[in-house]
Amino acid sequence: MATLSIIGGRVIDPASNLDVITDLHIAEGEIIAMGSPPADFSADKLIEATEQIVCPGLIDLSVRLREPGAEQKGTIFSETRAAAAKGITTVCCPPDTEPVIDTQAVAELIQQRAEKAGMAKVLPLAALTQGLKGEHLAEMGILKEAGCIAVSNVLPIVNTDVFRYALEYAANYELTVFLHARDPWLGHNGCAHEGAISTRLGLSGIPEATETIEIARDLLLIEMTGVRAHFCQLSSARGVEMIKEAQAKGLPVTADVSAHHLFLTDQDINSYNTQCHVFPPLRSEQDKEALRQGLLQGTINAICSDHQPHETDAKLNPFSMSAPGISGLDTLLPLTLQLAEDMPLDLITALSYVTHKPAQILGIDAGTLAIGHPADICIFDPNSCWPLRPDKMYSKGHNSPFLGREFKGKVTYTLINGRIIWKG
Amino acid sequence: MNNIQLDNQGRLKHFLGIGGLKRSLLIDILDTAASLINVPEKSVKKVPLLRGKTVVNLFFEPSTRTRTTFELAAKRLSADVLNFNIDTSSSSKGENLIDMLHNLQAMHCDMFIVRHGAGGAAYFMAQHVAPDISIINAGDGQHAHPTQAMLDMYTIRQNKGDFAPLRVAIVGDIRHSRVARSDIQALTILGVSQVRVVGPKTLIPKGVEELGVKVFHDLKAGLKEVDVVIMLRLQRERMLRGAFLPSAYEYFQYYGLTKEVLKVTHPDAIVMHPGPINRGVEIDSNVADGPYSVILQQVSNGIAIRMAVMAMTLGAVSEKKDAN
């Protein structure tokens, strides 16, 4: 296997709290040295990284690959390539594919196709219940052995008895449960945050309590079952508060937020902009600020893209009839960098939300540049600007509310297991 | 967001909603309607303002009354009229909205009158239609029903003259009502002294105060000394299915408009209703048929308002003015 050195870059490794200009040396797919190379080392290839930032490859906790089942929106190849092009080296895919990831066969199919694509690493999440129907437990033991990193039901489990046993059963295999807090009834026909804006636009609302009621129920069951849980894509200030209290009580609970919830509010749907139709909905300015503070205070541990690519037609409809979701892979890194500029937040901490911390949530050997670990690396030029244009997006989905916006921070190289997967 | 309604000279190009329009434009619509109000009373009930134009009624929701008044309005302006009643259950399976729009466009129509169940549908169509076609919103979901609002304003002006001193109460299912939203905007722009909304908490949407209204949950308190009462239709099926109300009977006990309740209003108050009315649910028969009721005036005025809006969006009125 080829050896490689990355020379003269600003190496930022949040896991080891390192921010220094140095060289990295890679062999056998791993980082073998930092600073001066080992005595007998000769690099087959040199990457000149002066004035660039070298950080761990990004880990994205929620990426819809759309394969199997909705290949008109995205394929494993198109979406993992889009991830790699933006410095993302590991993606988790939720189980709501078609068929659902509730059998070994589907879990293996996804991983085999991802391997064949040779782009970003794919970690499937297994279904908590068969078909995500909330009735019968999925074969979580087998699914874990088949490579699933955690379990999730995406949709609410209405039957609390089933939910309780599903959580206990997941705990039995030491699987983390990814929870999408959403009451099945409250605001079920809504498409926007319930408030003055949804009222003015005549859109059915989704109240904050749609999220918080479910968080309350989930937390009680987490306490009861002892399962390790991760809350996906928080959207409300109240939700952040509840997670914070649970963590203070010592419950094994983590949380993430999507990058777009840190930058957009319900104001952005103002003229029925279907690109801002997402679930959970974009909420108020105050909610957005609380989500940002939640990151700073450590209540929210990670930023994800919540990538949901769509074909153009899915958004070409009146707001409530358009498909929810944002194609977010392209903007995960630049929005994270933007956050560091907007807030009292240093770059190393900002990058931890997309590298080291999601790796911790998943319990995987990734998200660090420490010696002996896989060389999954993102190199970017922090000062290079680029506009987000549909014809430059590798994702099949061009559905982004950020189209046309200028971003700072351009990925120049993405390495996975020491191989150059992407060169910008 | 409603700038798309205006051409670069500030004239009406589409009519999608009241929000964002200037007072002078609303007055213009009322004045134009006033100039057309007598057309139906002549022996030849037509003016040639839209001769040679084709107007398409595109209704994705069942409606008899609104569709008929638009059709009548178009015919009195000498336009040709096509009616499409589209069953949304079949349209959701097949052709999408854009394709349908492009197909109709290919038939060289000049104007689409659109009613649709989704808020923003008319706005969406205006964004995607060819530049020479006008869209008129005949009701989109819970969002807007601007011609209804304008005919309400016309009726208020006809009976009360000046808008400035008026207190207006809108009573009923504010949550689901596009009429309420458009009326609130029109009344606010025209500068009435107070707009109130009255209804049980389940039917008042969150944040409605930010539209500039005062909220009341008690009917008598809400109607105290008002000059205009706008009653809304209660959709019984929706109410009971959605757990918004226990029964039509109880609703009438607390929110039904009766002679007794009307004693608290200004003595000259008028009662309006967009129709069709549910007698004994939101309004008592002897109020609907009583001396304060202007409900049938609203219907007549609706034709003139729709004629005015159609003529203005297709430029027929200003062309005529220019020619003079």
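Rules and cut-offs
Residues numbered from 1 in each chain as written. Chains lettered and ligands numbered in written order. Predicted model: local features only at pLDDT ≥ 70, side-chain atom pairs only at ≥ 80, totals over all residues. Helix = DSSP H or I, 4+ residues; strand = E, 2+ residues; numbered from the N terminus. Buried ≥ 20, exposed ≤ 12 C-beta atoms within 10 Å, placed from the backbone. Contact = placed C-beta atoms within 7 Å. Domains from an automatic or database assignment. Nonpolar A, V, L, I, M, F, W, Y, C, P; charged D, E, K, R; others polar. Pairing = 2+ DSSP bridges. Right-handed = clockwise from strand over helix to strand, strands pointing away. Expected span 1.5 Å × (residues − 1). Arc of directions from axis to C-beta. Axes fitted to C-alpha atoms, helices over the stretch in contact; angles between N-to-C directions. Core = buried A, V, L, I, M, F, W, Y, C linked by C-beta atoms within 7 Å.

**Quick look at the overall build of chain B**
Of regular secondary structure, chain B possesses 14 helices and nine strands. Dimensions of chain B, computed from C-alpha atoms along their principal axes, come out at roughly 55 × 50 × 40 Å. The burial tally for chain B puts 49% of its 324 residues in the buried class. Restricting the contact set of chain B to residue pairs at least 6 apart, pairs at least 24 apart contribute 76%.

**Quick notes on the domain arrangement of chain B**
Residue and element names in this part refer to chain B. When the domains of chain B are assigned, the result is domain 1 (2–144 + 301–323) and domain 2 (146–299). The gap between the C-alpha centroids of domain 1 and domain 2 is 25 Å. Taken together, the 26 residues of domain 1 in the interface contact 24 residues of domain 2. Contributing elements (two or more residues each) for the side of domain 1 that touches domain 2: α1 (23–36), β4 (134–140) and α13 (295–313). The residue makeup of the side of domain 1 that touches domain 2, split by class, is 13 nonpolar, nine polar and four charged.

**Digging into the environment of A:Ala127**
Of note, A:Ala127 is situated in strand β8 (residues 121–127). C-alpha of A:Ala127 to C-alpha of A:Leu339: the two residues are 212 residues apart in sequence and 33 Å apart in space.

**Some words on the interface of chain A and chain B**
At the junction of the two partners, chain A supplies 19 residues and chain B supplies 23 residues. Among the elements that line the side of chain A that touches chain B, the one with the most residues is helix α5 (residues 196–201) of chain A, at four residues. Split by residue class, the side of chain A that touches chain B holds eight nonpolar, eight polar and three charged.

**Examining the pairing of strand β6 (residues 194–198) of chain B**
Two faces belong to every sheet, and in a regular strand the side chains alternate between them. Residue and element names in this part refer to chain B. Burial of β6 is extensive: four of the five residues sit out of reach of the surface. As defined by bridge partners, strand β5 (residues 167–171) adjoins β6 across five bridges and the pair is classed as parallel. Directly across from Arg167, in β6, lies its bridge partner Gln194. As for the winding sense of the linkage, the β-α-β connection from β5 through helix α7 (residues 178–190) to β6 is right-handed. Direction of pairing for β6 relative to strand β7 (residues 214–216): parallel, over a ladder of three bridges. Within the sheet, the bridge partner assigned to Arg196 lies in β7 and is Lys214.

**Quick notes on helix α2 (residues 104–117) of chain A**
All names here are of chain A. Spanning 14 residues, α2 covers 20 Å between terminal C-alpha atoms, matching the ideal 20 Å at 1.5 Å per step. Within α2 the residues assigned to the buried category are Val106, Ala107, Ile110 and Ala114. In an axial view of α2, the angular spread of the buried residues amounts to 105 degrees, which keeps them on one side of the axis. For α2, the exposed residues lying more than 90 degrees away from the buried face are Ala105 and Lys116. Residues of α2 that are buried sit in contact with α1 (76–85), β7 (88–93), β8 and α3 (140–145).

**Some remarks on the domain arrangement of chain A**
Residue and element names in this part refer to chain A. Domain boundaries assigned for chain A yield domain 1 (4–54 + 374–384 + 406–423) and domain 2 (57–362). The gap between the C-alpha centroids of domain 1 and domain 2 is 29 Å. Between domain 1 and domain 2, the contact holds 18 residues from the first and 20 residues from the second. Within the residue set of the side of domain 1 that touches domain 2, elements represented by two or more residues are β16 (377–387), β17 (406–416) and β18 (419–423). Per-element accounting of the side of domain 1 that touches domain 2 gives the leading share, six residues, to β17. Looking at the side of domain 1 that touches domain 2, its residues break down into twelve nonpolar, three polar and three charged.

**Thoughts on the sheet that holds strand β13 (residues 229–231) of chain A**
Residue and element names in this part refer to chain A. Read across the sheet, eight strands follow the order β6-β7-β8-β9-β10-β13-β14-β15 without closing on themselves; strand pairing throughout is parallel. Only two strands of the sheet have a single neighbouring strand rather than two, namely β6 (58–60) and β15 (302–304). In this sheet, adjacent strand axes meet at a mean angle of 30 degrees when their direction is disregarded. With three bridges connecting them, strand β10 (residues 177–179) and β13 associate as parallel partners. Bridging across to β13, Val177 finds its partner in Ala229.

**A short note on unusual backbone geometry**
Residues and elements named next belong to chain A. Pro68 follows Glu67 through a cis peptide bond whose omega is 0 degrees. Considering the arrangement of structural elements, one finds Pro68 in the loop between β6 and α1. Residue Pro99 is reached from Glu98 by a cis peptide bond, and omega for that bond is 0 degrees. Relative to the helices and strands, Pro99 is located in the loop between β7 and α2. Phi is positive for Asn417, which is not a glycine, with a value near 50 degrees. Topologically, Asn417 is positioned in the loop between β17 and β18.

**Remarks on α7(B)**
Residues and elements named next belong to chain B. End to end, α7 covers 18 Å across 13 residues, agreeing with the expected 18 Å (1.5 Å per residue, within 8%). Of all 13 residues in α7, eleven are buried; the element is thus mostly enclosed. All of the buried residues along α7 are Arg178, Val179, Ala180, Arg181, Ser182, Asp183, Ile184, Gln185, Ala186, Leu187 and Ile189. Residues of α7 that are buried make contact with α1, β4, α6 (146–160), β5, β6 and β8 (228–231). Following α7 by one or two positions, Gly191 has its phi on the positive side, about 80 degrees.

**Observations regarding the environment of B:Leu101**
All names here are of chain B. By the secondary structure assignment, Leu101 is in helix α4 (residues 97–105). Separated by 28 residues in the primary sequence, Leu101 and Val129 have C-alpha atoms spaced 7.0 Å apart. If we skip the residues at most four places from it in the chain, Leu101 touches Met125, His128 and Val129.

**Describing the sheet that holds strand β3 (residues 111–116) of chain B**
Remark on secondary structure: sheet strands pair via backbone hydrogen bonds, oriented parallel or antiparallel. All names here are of chain B. Spatially, β2-β1-β3-β4 is the arrangement adopted by the four strands of the open sheet, whose pairing is parallel. The sheet terminates laterally at β2 (80–85) and β4, the two strands that pair on one side only. Ignoring which end each strand starts from, the neighbouring axes of this sheet average 15 degrees apart.

**Examining the nonpolar core**
Of all hydrophobic cores here, the largest spans 231 residues; its most connected members are A:Val151, A:Val177, B:Val171, B:Val229, B:Met310 and B:Ala311. Ignoring any residue separated from it by four or fewer positions in sequence, one finds B:Val171 in contact with B:Val198, B:Gly199, B:Leu219, B:Gly222, B:Val229, B:Ile230, B:Met231, B:Leu232, B:Tyr255 and B:Leu257.

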